[in-house]
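# Inside the fold
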Amino acid sequence: MLNRRAFLAGLAGAGGLAAGAAHGATLSGIETASIRGSLDASELGVQPGLYDDQSEAFARVLDKAAERDAPVYLPPGDYVVSNLVMPRKLRLTGVPGASRILYGGNGHLFLAEAADHLEISGLLIDGANRWLGDHVDGLVTVRGARHLVIDNCSILGSGKHALALENVAGRIERSQISGAADAGIYSVQAGGLAITGNTVADCGNGGILVHRWQAGEDTTIVSGNRVERIAARNGGTGQFGNGINVYRAGGVMVSGNRIADCAFSAIRANGGNNIQITGNSCQRSGETAIYSEFAFEGAAISSNIVDGAANGISIVNFNEGGRLAVCAANLVRNLSQTGPYPADSPGFGVGITAEADTAVTGNVVENAPLFGLHLGWGPYLRNVTASGNVIRDAGTGIAVSVVEGAGAAVISDNIISGARNGAIRGHRWAEAVTKDLARVGNAGFAHLTVERNHAS
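Everything numeric in this text was worked out from a predicted model, so none of it was measured.

## Points about the overall build of the chain
On a plain count of helices and strands, the chain comes out with four helices and 43 strands. Projected onto its principal axes, the C-alpha coordinates of the chain cover approximately 95 × 65 × 30 Å. Burial analysis of the chain (456 residues in total) assigns 54% to the buried set. Residue pairs at least 24 apart in sequence account for 62% of intrachain contacts in the chain once pairs closer than 6 positions are excluded. Charged side chains in the chain number 34 positive and 40 negative. The centres of these two groups are separated by 5 Å.

## Section: the packing of aromatic side chains
As enumerated under the stated definition, the model contains four aromatic pairs in all. On the numbers, 6.5 Å between centres and 85° between planes, the contact of Phe318 with Tyr380 is edge-to-face. Within this pair, whereas Phe318 is found in the loop between β30 (311–315) and β31 (323–328), its partner Tyr380 is found in the loop between β35 (364–375) and β36 (382–387), the two being separated by 62 residues in sequence. When its relative accessible area of 18% is taken as the criterion, Phe318 is described as buried. Judged by centre distance (5.3 Å) and plane angle (80°), the ring pair of Trp377 and Trp429 falls under edge-to-face. Taken as a pair, Trp377 in the loop between β35 and β36 and Trp429 in the loop between β40 (424–428) and β41 (431–432) lie far apart in primary sequence, 52 residues in all.

## Things to note about the pattern of salt bridges
Two side chains carrying opposite charge are able to pair once their charged atoms lie near each other. Counting across every chain of the model gives 24 salt bridges. For the salt bridge of Arg229 with Asp202, the shortest nitrogen-to-oxygen distance reads 2.7 Å. One end of the pair, Arg229, is in strand β20 (residues 226–230); the other, Asp202, is in strand β17 (residues 199–203), with 27 residues separating them in the sequence. For Arg229, a relative accessible area of 41% puts it in the partly exposed group. In this structure Asp202 comes out as partly exposed when scored by relative accessible area, which is 34%. Residue Asp307 pairs with Arg333 through a salt bridge whose shortest N-O separation is 3.2 Å. Taken together, the residues span a long stretch of sequence, with Asp307 in strand β29 (residues 305–309) and Arg333 in strand β32 (residues 331–335) at a distance of 26 residues. Taking relative accessible area as the criterion, Arg333 reaches 29% and is therefore assigned partly exposed. Three or more residues are tied together by salt bridges with common partners; here these are Asp307, Arg333, Glu366, Arg392 and Asp393.

## As for the environment of Ala399
Here Ala399 shows up in strand β37 (residues 390–401). A sequence separation of 112 residues divides Ala399 from Glu287, and the C-alpha atoms of the two residues are 20 Å apart. If we ignore the near neighbours within four places in the chain, the residues touching Ala399 are Phe371, Leu373, His374, Leu375, Arg425 and His427.

## Concerning unusual backbone geometry
Here the residue pair Ser345 and Pro346 is connected by a cis peptide bond, since its omega of 10° sits within 30 degrees of zero. If you trace the backbone, Pro346 turns up in the loop between β32 and β33 (350–354). Although it is not a glycine, Ala114 sits at a positive phi angle of roughly 55°. Classification of Ala114 by relative accessible area gives partly exposed; the value is 41%. Backbone geometry at Arg284 places phi at a positive 55°, although glycine is not the residue there.

## Digging into the side chain of Asp151
With respect to the helices and strands, Asp151 occurs in strand β11 (residues 138–151). Residue Asp151 is classed as buried on the basis of its relative accessible area, which comes to 6%. A distance of 2.7 Å separates polar atoms of two side chains, one belonging to Asp151 and the other to Arg174.

Rules used throughout
Residues numbered from 1 in each chain as written. Predicted model: local features only at pLDDT ≥ 70, side-chain atom pairs only at ≥ 80, totals over all residues. Heavy atoms only, no water. Helix = DSSP H or I, 4+ residues; strand = E, 2+ residues; numbered from the N terminus. Buried < 20%, exposed > 50% of the residue type's maximum accessible area, 1.4 Å probe, protein only. Contact = heavy atoms within 4.5 Å. Lys, Arg positive; Asp, Glu negative; His and termini not counted. Charge placed at Lys NZ, Arg CZ, Asp CG, Glu CD. Phe/Tyr/Trp six-rings, centres within 6.5 Å; stacked < 30°, edge-to-face > 60°. Salt bridge = Lys/Arg side-chain N within 4 Å of Asp/Glu carboxyl O. Polar contact = N/O pair within 3.5 Å; in protein donor to acceptor, adjacent residues only side chain to side chain.

Here is the structure:
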């Protein structure tokens with residue numbers, strides 16, 4: 001007879017099985033219901049573990065899936081393929097770390113154009129550092145996709161970009177990207193793209209690139225990623241070697257990323273209007289850790305940590321139209337006067353630089369060997385406030401332009417400690433030409449208001 005104890009134990013076992021089924025109901029983001037209706041690639045002529053190229057069989061599987069609008073499941077194993085053109089609709093999933101697609105060379109691996117819906121999940125995609133043809137920009141190249149999902153994948157060893165995306169909406173998430181000869185993720189002309197929760201490491205020329213051919217709204221979100229060890233193999237003075245690079249793309253949000261050991265900048269925005277750079281951790285940048293430069297209007301740079309860089313945060317190029325920013329509540333420390341190339345005047349070792357229509361408030365700067373804050377450059381100074389900042393152990397606490405034609409600046413309520421060359425000094429370009437303005441006021445320069453600063 002079945003007693004009450006045995007009955008309850010049976011229910012618990014059934015519950016455990018149900019929980020296990022529920023836990024296994026998601027495989028690389030594809031629901032069990034979808035898997036049940038999927039095509040098993042191994043049952044359609046694609047066999048794991050063969051060293052022969054299986055591109056033709058693989059292409060037939062993808063076409064059959066597109067005809068049925070059904071997902072494709074790739075069992076564990078190695079698959080050598082090349083020159084695959086993805087159909088307009090594709091849902092391709094495998095077992096993370098176990099379903100391995102190996103590039104066979106002689107052209108490209110995955111190419112999609114004018115796609116409606118593409119999902120790739122749970123795959124390891126290995127480019128083996130092999131040559132890619134001139135007709136593609138990356139190991140996975142997508143030119144036009146209404147909805148693209150790349151989830152829980154590993155993409156390794158691309159001879160160019162790992163992911164090259166053009167005119168794409170969707171999301172890239174929870175993926176490991178490493179060893180690309182160029183950038184890990186290169187997106188141009190996006191519309192509604194989210195790049196979240198990825199690790200991008202050991203790439204030759206860039207980490208995550210968000211670009212446009214002409215300045216315009218892009219609205220990409222780059223959040224919660226780890227970007228590490230990004231080189232600048234193509235050289236230059238900042239075109240390459242950046243962890244996250246925004247170029248001409250408007251409305252982009254860069255938040256909550258952890259970026260370390262980049263040859264140039266952790267985050268570099270060039271011509272990006274209305275950019276938000278918030279809550280990022282930037283460590284050991286070779287040049288300026290956070291840049292908002294050239295023809296931009298609108299930048300909010302707040303609550304970031306910069307530890308180790310040649311310069312901390314630069315909001316510059318008023319001569320090219322760069323203006324309108326808030327720089328608040330950032331922690332900048334441990335800067336160096338050594339950079340990746342011979343520095344232009346005034347040199348490396350600056351905590352925060354601002355030029356036009358910018359509020360610099362509530363920041364903490366420590367160990368900036370040249371300047372804690374640098375306000376304006378020659379006549380390129382207009383409507384800048386520097387208030388409520390704490391500056392410790394700097395060459396000069398605050399350097400401000402007093403060149404003819406320089407616009408208004410208010411320097412107030414700052415605490416400056418241990419500034420070896422003066423707390424606040426007026427500069428003509430790189431040359432200090434005033435006494436310490438923290439002690440003597442604006443020294444007759446009508447464009448300056450200097451008040452209530454505490455220097456020690």
